[in-house]
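Commentary on secondary and tertiary structure
What follows is each chain in one-letter form.
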Amino acid sequence: MSATDSVTYTLERNWEMVEAATSGLDDEALTRQPAEQSNSIAWIFAHINRVTDMFIQHRLQSKPELWINDGWCQKFGMTHNTGGLGM
């Protein structure tokens, strides 16, 4: 299995587990912050996607993150390094 196939397989498998774990949850459940010191499920997914973007784009391909390059940070009114992940 090539490195690309291995990364693709891993990401697809992880996404399948995420879908299974969140099946049936509504927006209220996804965005609820269970305690002041914890994050919502939606925030955790956003963070995971930013880390994945950084890893694949920046670390593996030496390209700008899609968060920055495709203007997602501006679409959400955030800086390019929101969450401490911008490189």
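Residues numbered from 1 in each chain as written. Predicted model: local features only at pLDDT ≥ 70, side-chain atom pairs only at ≥ 80, totals over all residues. Heavy atoms only, no water.

1. Side note on the overall build of the chain
As a reminder of what qualifies: Each helix corresponds to a stretch of at least 4 residues labelled H or I by DSSP, and each strand to a stretch of at least 2 residues labelled E; elements are numbered beginning at the N terminus. By definition, residues are in contact when any of their heavy atoms lie within 4.5 Å. Calculation of accessible area relied on Shrake-Rupley with a 1.4 Å probe; when residues are assessed, cover is drawn exclusively from the protein chains displayed.
A count of helical and extended segments in the chain gives five helices and zero strands. Beginning at the N terminus, the succession of helices and strands in the chain can be written as α-α-α-α-α. Structurally, the chain occupies a C-alpha span of about 40 × 35 × 20 Å along its principal axes. The contacts in the chain between residues at least 6 apart in sequence include a share of 28% that link residues at least 24 apart. Accessible surface computed for the chain: about 6600 Å², of which carbon and sulfur atoms make up 56%.

2. Concerning the pattern of salt bridges
Note the threshold: A pairing counts as a salt bridge when a side-chain nitrogen of Lys or Arg comes within 4 Å of a carboxyl oxygen of Asp or Glu. For every residue, the accessible area obtained with a 1.4 Å probe (protein chains only) is divided by the maximum for its type, and the residue is called buried under 20%, exposed over 50%, and partly exposed between those limits.
This model, assessed by the stated rule, comprises one salt bridge. Salt-bridge contacts for Arg50 lead to Glu65; the nearest nitrogen and oxygen are separated by 2.9 Å. Here Arg50, found in helix α3 (residues 41-60), pairs with Glu65, found in the loop between α3 and α4 (66-69); they are 15 residues apart in sequence, far enough to count as distant. Overall, the relative accessible area of 8% leaves Arg50 in the buried class.

3. Regarding the packing of aromatic side chains
Rules: In this scheme Phe, Tyr and Trp rings, the latter by its six-membered ring, pair at centre separations within 6.5 Å, and the angle between planes marks the pair as stacked below 30 degrees, edge-to-face above 60, and tilted otherwise. Our definition puts a charge over a ring when NZ of Lys or CZ of Arg is within 6 Å of the ring centre and also within 35 degrees of the ring normal.
Following the criterion strictly, the structure yields zero aromatic pairs and no others. Positioned above the aromatic ring of Trp72, the side-chain terminus of Lys75 is 4.0 Å from the ring centre.

4. Re α3
Stated precisely, the cut-off is as follows: Between the first and last residue of a helix there are one fewer steps than residues, each counted as 1.5 Å, and that sum is the expected span.
Spanning 20 residues, α3 covers 27 Å between terminal C-alpha atoms, matching the ideal 28 Å at 1.5 Å per step. Close packing links the buried residues of α3 with α4. Downstream of α3 by a residue or two, Ser62 has a phi angle that is positive, lying close to 55°.

5. Overview of unusual backbone geometry
Backbone geometry at Ser62 places phi at a positive 55°, although glycine is not the residue there. Checked against the element boundaries, Ser62 lands in the loop between α3 and α4. For Ser62, a relative accessible area of 66% puts it in the exposed group.

6. Notes on a nonpolar patch on the surface
Defined as follows: Excluding any residue in a salt bridge, patches collect residues exceeding 30% relative accessible area, merging like charges within 9 Å and nonpolar Val, Leu, Ile, Met, Phe, Trp and Tyr side chains within 5 Å.
Residues Leu66, Trp72, Phe76 and Met78 make up a contiguous nonpolar surface patch of about 390 Å² in total accessible area. Note that Leu66 resides in helix α4. The partly exposed category is assigned to Leu66, whose relative accessible area is 37%.

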